Amino acid sequence: MAGGAVLAATDVRTWLPYAAVAAVSALSGLTALARPGRSRPGPAAEPAGPPPEFRDATAEDGRNTSARTSRTESRADATPVAPGRSVYEMTRPVRPVPVQGLADDPPFTVRAAVHSHVAHIASPGLLGTPEAVHIPLTGHNLLLTLTATGPDEVVLRSLRAEVTDRPPLRADGVALARPRMPDLVMSADLLESAQRAVRAYRRLRSPDVAVLLDHSPAPVLAEAGADTALPLTAAPGASATLTCAPVTDDGRWVRWRLTAEIACAGRVWRPWWDLAVTATTGLARFSPDAAPTPAPVHALYPDHYNPRAPEGQRTPSETDRTFQVVAHTSRDGRGVLEMPSRPEPGPEPPGAAEAIRRADALTRAGDLTGAAEAYRSAAEAGSGQAAYLLAGLARNQGDLDGAAHWYERAAARRVPAAYNNLGVLAMLRGDLDGAERWYRRGMDAGDWAAAVGLGVVREKRGDEAQAEELWRLAGKRDVPNADQNLAVLYERQGRHREAGELFTRAAGAGDVQAAVRLGFRCHEAGDRDGAERWWRTAADAGSADGAFYLGLLLVSEGRAEDGERLWERAAAHLGTPGRAVARTPPGPEAGTTYRIGAAAEPGEVYAAYELGLLHWERDDHDAALAWWTLAAGTGHVDSVFGLCQLYLNVRGDLAECLRWGYFALDIEGVPADRVAALAAGMREVAEQFAGAGAYESDPGAAAEACSLAAEAYRRLTAHDSAHRPAWEEAVRRLVALAESSGSPRARQQAASAAARLRATG
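Just so it is clear, the structure is predicted and the values come from calculations on it, not from any experiment.

Another point: the sheet that holds strand β5 (residues 133-136). Whenever strands of a sheet pair, they do so through backbone hydrogen bonds, lying parallel or antiparallel. An order of β1-β8-β4-β5 is seen for the four strands of this open sheet, with the pairing classed as mixed. Edge positions in the sheet fall to β1 (87-89) and β5, since each has one partner strand and no second. Adjacent strand axes in the sheet meet at a mean angle of 30° when their direction is disregarded. Relative to strand β8 (residues 173-176), β1 is paired through three bridges, and the arrangement is parallel. Within β8, the position partnered with V87 by the bridge is V174.

And the structure:
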């Protein structure tokens, strides 16, 4: 009103300024309706519940980004609440709906998906539900896709719609589709989400069936009934789609059930879907010379089906004159802000930006020491960004303690990603309590990657139900690894069909690890072409795992050159032999990997080992040593023992053999039989250097080998006392060899070994 008055007083007559004021007023009025009569809350040291999160405006489904969601009770007699406290960009206008009532494995699939341009969002905290409720507007598309997976045709014979409840509409967000870029973007950080919404926009289809939910009795669409769209038939191996348009004039939350009757091969199935719809947009139209009027969805998006004008839907070009705006809403819903409502990181100190640019340049030039000093100077002056980058540098160099220190400094300056990375570091140390604490703080900061990590913690604590819920919610927001982790969980639980669907969805969205897993599933099912297709998809996307397994497949088929090229491409990611990396277990745990920074993929390591083995078989020992050194640096056990053998038997370099032998003892999870074999081998080497074998007598070398054998037996004894006699014998032999060698180093090793033996009684 104030803006319009100013324009009128200054005799402005053109429509564009009035439209801009009207658009902002519409959003402001819309959000003000959500919490009438409330005053702006004051600051709180520890709020009881999280404020609405608006930084990521791509969250069209309005799910609460905090782990501490409030559980507000929903009363049936509550006063209807006008929706729209938060306005979200709709970047996923097509949303699948789970089918129910198909307990067995029918020879068909039937899928339902909702396509709407406006939807109300009720977050988990508003209704006390485990996930957000998505309520589309009347006239949207409900797409039913029937696919015959068996040898018989499948027939959708009838559909029955039944309204199950009409509770008051309670919502705290509105998701809007965006057919074009807005005329006004009030905050730069909303530009990307608006662009994504425009890319995702699709016009609705003209419906085959109008489902009139306000009619009584419940509408039935049968093959002999009023609608020619049925029966719907899918031929073997083919699909058919039926487009329905649910229609209501009820402004409440209309909950309804659609039940289908599907026949195939003499059997009948009756699956159903629980759905929602409403007629209230929560939006109003403003103009400079008229009062605001409610805007039905057909006025905003004419391709939403309107039974009053079924043939009169306008084309998008006729609606393009509508002025559009995108902006953040304020925390209490009373107006429009130009900046996110989340607390911003602390102000950067003077000169921090220049120091960070200098450090980035030094990093690109390979001067990591100089880069670390530049980051440190800015971080110690109070720069959260510099602290975060310095932590990443320390992490990539294997300094996890230093990384934790600087991530904590970054977290204190409210750099949100630091919370998640502190959770990752805690997981690497096995500190589940610390990991959960940091992941929950990351979720409170709106970082859904932290929700994926929290799901891993809950799974490790045995709470698979909460892990499933976290990953399911994160997956619906397209958070990396969420679908992959959930699919691994389903697979372990024997829910193979659900796992396969998630793996396929994740792989289709670009998750290379999911593509690798799909390759495994195809290979196990005997689908060789499918395995190659998915592994090649992963390899082409830069996955070393995909390249390794594709290479393994090709080598097994005699295409050694093609396989070797793939392995070289994968192993090249390891960099130089001296590079320190974090170790990640392969196999079934690949879905819950805790990789950070430059940690090696299993495929990188396996490829390097296989290349070393390939060159070893060709007697190209220099190449074998180079590849095994790369793999051994990541803790790959077979590569470490391969280096021990190569250095001892080919190079005659006992010192390097022993160095890698001690390295093997420091690798977590080395099988006891491998350690026992190392101990026995070193004891035999000691005897040969003592004059009982083919080597030239060298008591000092014999003592060095015997010292490694004694240490290996000591570590075995710590887990199994049956190895104690062998440990005692190795220590006695070491003492004797040290005396005969006259080597001060050997005597020191013998004294230390004997002291450790006595200390255990």
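Attention shifts here to the nonpolar core. Membership of the largest hydrophobic core comes to 111 residues, with the highest contact counts inside it found for Y439 and M682. When neighbours within four sequence positions are excluded, M682 is seen to be in contact with C657, L658, A705, C706, L708 and A709. Ranked by size, the runner-up nonpolar core spans 34 residues in total, among them V114, L232, W256 and C264.

To continue, consider the pairing of β5. Along β5, one buried face is formed by V133 and I135 and the opposite face, lined by H134 and P136, is buried too. Here strand β4 (residues 118-122) pairs with β5 via four bridges, running antiparallel. In the strand pairing of β5, A119 is matched with P136.

This part is about the confidence of the model for the protein. The predicted coordinates ought not to be read in detail in places where the model reports low pLDDT. For the protein, mean pLDDT is 76; residues scoring 70 or higher make up 75% of the total. Within the model, the stretch residues 1-19 combines pLDDT values under 50 with 16 contacts to residues more than four positions away or in other chains. Here residues 222-226 is modelled with pLDDT under 50, and outside its nearest four sequence neighbours on either side it reaches seven contacts, counting other chains as well.

Turning to the environment of M90, a few remarks are in order. Its place among the elements puts M90 in the loop between β1 and β2 (94-97). Take M90: its relative accessible area is 2%, and that puts it in the buried class. Each C-alpha atom of the pair M90 and A200 lies 8.0 Å from the other, and the pair is 110 residues apart in sequence.

Rules of the game
- Residues numbered from 1 in each chain as written.
- Predicted model: local features only at pLDDT ≥ 70, side-chain atom pairs only at ≥ 80, totals over all residues.
- Heavy atoms only, no water.
- Pairing = 2+ DSSP bridges.
- Helix = DSSP H or I, 4+ residues; strand = E, 2+ residues; numbered from the N terminus.
- Axes fitted to C-alpha atoms, helices over the stretch in contact; angles between N-to-C directions.
- Core = buried A, V, L, I, M, F, W, Y, C linked by side-chain atoms within 4.5 Å.
- Buried < 20%, exposed > 50% of the residue type's maximum accessible area, 1.4 Å probe, protein only.
- Contact = heavy atoms within 4.5 Å.
- pLDDT = per-residue confidence, 0-100.

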